[in-house]
Amino acid sequence: MPPATSTPRHGTGPAPASGADFRTLMAGFPSGVTVITTGDGVTGPSGMTCSAVCSVTPEPPTLVVGIRAESPTLLRVLDTGRFAVNFLHHLGRGTAELFASGDPERFSRVAWDLPDGAAGPHLNESARSVADCTVTRTVRVGAQRMVFGEIYGIREVEDAPPLLYGLRRYHAWPSTAGNRKESGAPREGGTGSDHG
């Protein structure tokens with residue numbers, strides 16, 4: 001069994017897989033869909049659709065988002081030092097597509113507000129929950145920048161199934177009626193995260 005951690009080797013070993021093969025691989029691994037937002041009442045809002053979101057640790061509560069290094073939204077996140085993660089519900093596909101399109105008028109086409117202390121706009125009609133985060137560190141990896149955010153506020157907006165993206169399509173979370181035995185956290189030794 002290989003060690004849990006290792007030092008990257010430079011100049012040796014097999015060549016990396018192609019980007020196309022990597023995208024095909026990850027297309028078969030469905031993920032939740034979010035919209036990352038930032039900005040305030042002075043500078044105006046900025047935002048983008050993002051499925052590269054992962055929990056890091058519950059103590060302190062931290063998540064990481066992967067954002068294209070040249071993204072205007074990333075520049076605003078780094079400038080403000082804060083961002084909000086809008087976790088979309090199953091009826092939020094239109095919002096996901098809008099914020100993925102780069103439409104400069106996207107914030108005029110959706111309902112949102114900016115509560116006191118919020119890290120970015122909250123998308124009231126499309127989000128099931130929102131996490132307000134402070135940037136704690138960033139790491140450049142290829143064409144992406146991984147942005148770590150410590151969560152300082154959580155807002156539950158609507159109790160609705162989450163929106164998923166996989167196999168290059170949007171999906172609603174499937175009904176769990178009749179599948180109660182499969183619900184709950186994985187047992188020790190199983191797959192998955194131990195912190196949600």
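Asker: Help me out: how do you make sense of the sheet that holds strand E3 (residues 46–50) in this one?
Answerer: Two orientations exist for strands paired in a sheet by backbone hydrogen bonds: parallel and antiparallel. The seven strands lie next to each other as E3-E2-E6-E7-E8-E5-E4, forming an open sheet whose pairing is antiparallel. Strands with a single pairing partner mark the edges of an open sheet, and in this sheet they are E3 and strand E4 (53–58). Averaged over all neighbouring strand pairs, the angle between strand axes comes to 30 degrees, with direction disregarded. Bridge analysis of strand E7 (residues 127–141) against strand E8 (residues 144–156) gives twelve bridges, and the strand direction is antiparallel. Residue Val130 lies in a different strand from E8, and its bridge partner there is Arg155. Its contacts with the sheet place helix H3 (residues 93–101) against strand E2 (34–38), E3 and strand E6 (82–88), and it is angled at close to 115 degrees to E3.

Asker: Is there a simple way to explain the pairing of E4 in this structure?
Answerer: Across a regular strand the side chains alternate sides, sitting on one face of the sheet and then on the other. Sheet topology note: the E4/strand E5 (residues 61–68) ladder contains five bridges and is antiparallel. From the neighbouring strand, Ser55 faces E5, where its bridge partner is Leu63. Taken together, E4 and the strand that follows it, E5, pair antiparallel across an intervening segment of two residues.

Asker: Even after reading the chapter, I still don't get helix H2 (residues 72–80), so can you show me in this structure?
Answerer: What sets the pattern is the α-helix's 3.6 residues per turn: residues three or four places apart point alike. All of the buried residues along H2 are Thr73, Leu74, Arg76 and Val77. In an axial view of H2, the angular spread of the buried residues amounts to 160 degrees, which keeps them on one side of the axis. When the buried face of H2 is taken as reference, the exposed residues oriented beyond 90 degrees from it are Pro72, Leu75 and Asp79. Packed against the buried residues of H2 are E2, E3, E5, E6, E7 and E8. Where H2 begins, one side-chain oxygen reaches toward the backbone nitrogen of Thr73, 3.1 Å away; that side chain belongs to Ser71. Just past H2, the residue Gly81 takes up positive phi, approximately 75 degrees.

Asker: Whenever I open this one, the environment of Leu163 confuses me. Can you help?
Answerer: Along the chain, Leu163 turns up in strand E9 (residues 163–166). Given a relative accessible area of 2%, Leu163 falls into the buried group. Dropping the residues within four chain positions of it, Leu163 is found in contact with Ser31, Gly32, Val33, Leu88, His89, His90, Gly92, Arg93, Ala96, Tyr170 and His171.

Asker: Before we go on, may I ask you to explain unusual backbone geometry in this structure?
Answerer: Following Glu59, the chain continues into Pro60 via a peptide bond in cis, with omega recorded as -5 degrees. Within the fold, Pro60 resides in the loop between E4 and E5.

Asker: Sorry if this is basic, but what is going on with the pattern of salt bridges here?
Answerer: Pairs can form between side chains of opposite charge whenever their charged atoms are close. Under the defined criterion, the tally for this structure stands at three salt bridges. The partner of Arg109 in a salt bridge is Asp103, with the nearest N and O atoms 2.6 Å apart. Residue classification places Arg109 among the exposed positions, given a relative accessible area of 56%. Across the pair Asp113 and Arg155 runs a salt bridge whose closest N-O atoms are separated by 3.2 Å. Of the two residues, Asp113 is situated in the loop between H3 and E7 and Arg155 in strand E8; the sequence distance between them amounts to 42 residues.

Asker: For this particular structure, what's the right way to read the nonpolar core?
Answerer: One recurring pattern in soluble globular proteins: nonpolar side chains tend to sit buried together. Counting 14 residues, the largest nonpolar core has Ile36, Leu63, Val65, Phe83, Val85, Cys133 and Val147 as the members making the most contacts within it. Within the residue set of this core, elements represented by two or more residues are E3, E5, H2, E6, E7 and E8. If one sorts the elements of this core by residue count, E5 sits on top with three residues. Val85 has contacts with Thr34, Val35, Ile36, Leu63, Val65, Ser129, Val130, Ala131 and Cys133, leaving out every residue within four places of it along the chain. In this structure, Val33, Leu88, Leu98 and Tyr170 belong to the second largest nonpolar core, which totals eleven residues.

Reading the values: the criteria
- Residues numbered from 1 in each chain as written.
- Predicted model: local features only at pLDDT ≥ 70, side-chain atom pairs only at ≥ 80, totals over all residues.
- Heavy atoms only, no water.
- Pairing = 2+ DSSP bridges.
- Helix = DSSP H or I, 4+ residues; strand = E, 2+ residues; numbered from the N terminus.
- Axes fitted to C-alpha atoms, helices over the stretch in contact; angles between N-to-C directions.
- Contact = heavy atoms within 4.5 Å.
- Buried < 20%, exposed > 50% of the residue type's maximum accessible area, 1.4 Å probe, protein only.
- Arc of directions from axis to C-beta.
- Polar contact = N/O pair within 3.5 Å; in protein donor to acceptor, adjacent residues only side chain to side chain.
- Salt bridge = Lys/Arg side-chain N within 4 Å of Asp/Glu carboxyl O.
- Core = buried A, V, L, I, M, F, W, Y, C linked by side-chain atoms within 4.5 Å.

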